[in-house]
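If you want the building blocks of each chain, they are given just below.
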Amino acid sequence: NANNTILTLKGKAAAYGGIIEMSNHGTSGNGQTLGAISYFDPATATTKNAEIEVLRESADDDAKMVFKTKASGGTLGQASSAIIAQVDGNEGMRIDGAGQVHINGTTSYPETSEHPLLVQAGMANGLSNRYIKLQQTFTGSAKDGIPIVWETNADGSNNKSYGYIRTKADGTVAIGNKAAGAAVA
């Protein structure tokens, strides 16, 4: 669009691209901003609507990148905002303010041929190569593993029923269910 303002950085030779470098002035402490890109609406040019910020983590050679968005009337990063990844104009992934990751999180009904989550990997040696890992991080005593849970509408009143599979602390696998009733949080 001819009305956009465009900043183009072009490398000086083949195989060299443009680079933007940002740095904190002087010595930065842990948690301080090393650089940020902020986005404003022209109606409120002093209120940030979104931001990508890089902060020093715990030493001068590590950092974290924080993506922040803002819901209407809120503040950056509040619980009702989300970070959304789109491909070809379609939402592919969303991280909501509660930290939940929704991958292809459509609620189409009736069902379609979509895959809410598809993980593909070839493997030759079982547990020594590639696998999906759910790790119990509690220490101090034996605890069962994190379950995989399936939730379904049990009836027209939207009561829920559940099925699950998990590894018990002794290594055995438990498969179970919960009959129709109130939803489990």
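The sections below set out a description of the structure shown in this document. (Residues numbered from 1 in each chain as written. Predicted model: local features only at pLDDT ≥ 70, side-chain atom pairs only at ≥ 80, totals over all residues. Heavy atoms only, no water.)

## So, the overall build of the chain
- Along the backbone of the chain there are 0 helices and 9 strands.
- When the elements of the chain are put in sequence order from the N terminus, they spell out β-β-β-β-β-β-β-β-β.
- Here the chain has roughly 14,900 Å² of accessible surface; of this, 52% comes from carbon and sulfur atoms. (Helix = DSSP H or I, 4+ residues; strand = E, 2+ residues; numbered from the N terminus. Areas by Shrake-Rupley, 256 points an atom, 1.4 Å probe, with all protein chains shown as cover.)

## Quick look at the sheet that holds strand β3 (residues 63-69)
- Strand order in the open sheet made by the 3 strands is β1-β2-β3, with antiparallel pairing throughout. Only two strands of the sheet have a single partner each, and these edge strands are β1 (33-40) and β3. The sheet shows a mean angle of 10° between the axes of neighbouring strands, taken without regard to direction.
- As judged from the 7 bridges shared by strand β2 (residues 48-56) and β3, these two strands associate in the antiparallel manner. Bridge pairing links I52 to F67 in β3. (Pairing = 2+ DSSP bridges. Axes fitted to C-alpha atoms, helices over the stretch in contact; angles between N-to-C directions.)

## A closer look at the sheet that holds strand β8 (residues 160-167)
- Strand order in this open sheet of 3 strands is β7-β8-β9, and the pairing throughout is antiparallel. The outermost strands of the open sheet, each flanked by one partner alone, are β7 (148-153) and β9 (173-181). Between one strand axis and the next, the sheet turns by 10° as a mean value, whatever way the strands run.
- Looking at chain direction, β8 and β9 are connected through 7 bridges and run antiparallel. Residue pairing for β9: K160 is matched across the bridge by G181.

## Focus: a nonpolar patch on the surface
- Where nonpolar side chains cluster on the molecular surface, the patch consists of L7, L9, I20, M22, I37 and Y39 and spans about 620 Å² of accessible area.
- Residue placement: I20 occurs in the segment before β1.
- Residue classification places I20 among the exposed residues on the basis of a relative accessible area of 57%. (Patch = residues over 30% accessible without salt bridge, like charges linked within 9 Å, V, L, I, M, F, W, Y side chains within 5 Å. Salt bridge = Lys/Arg side-chain N within 4 Å of Asp/Glu carboxyl O. Buried < 20%, exposed > 50% of the residue type's maximum accessible area, 1.4 Å probe, protein only.)

## Digging into the pattern of salt bridges
- Applying the stated rule across the entire model yields 4 salt bridges.
- Across the salt bridge formed by K48 and E51, the nearest N and O atoms sit 2.7 Å from each other.
- We classify K48 as partly exposed; its relative accessible area is 31%.
- Notably, a salt bridge pairs K68 with E53, separated by 2.7 Å at the nearest N-O pair.

## Re unusual backbone geometry
- Positioned with a positive phi, A15 is a non-glycine residue whose angle comes to about 75°.
- Looking at the element boundaries, A15 is found in the segment before β1.
- Owing to a relative accessible area of 85%, A15 belongs among the exposed residues under this scheme.
- Of note in this structure, N158 is not a glycine but carries a positive phi near 60°.
- Of note, N158 is situated in the loop between β7 and β8.
- On the basis of relative accessible area, N158 is assigned to the partly exposed category, the value being 48%.

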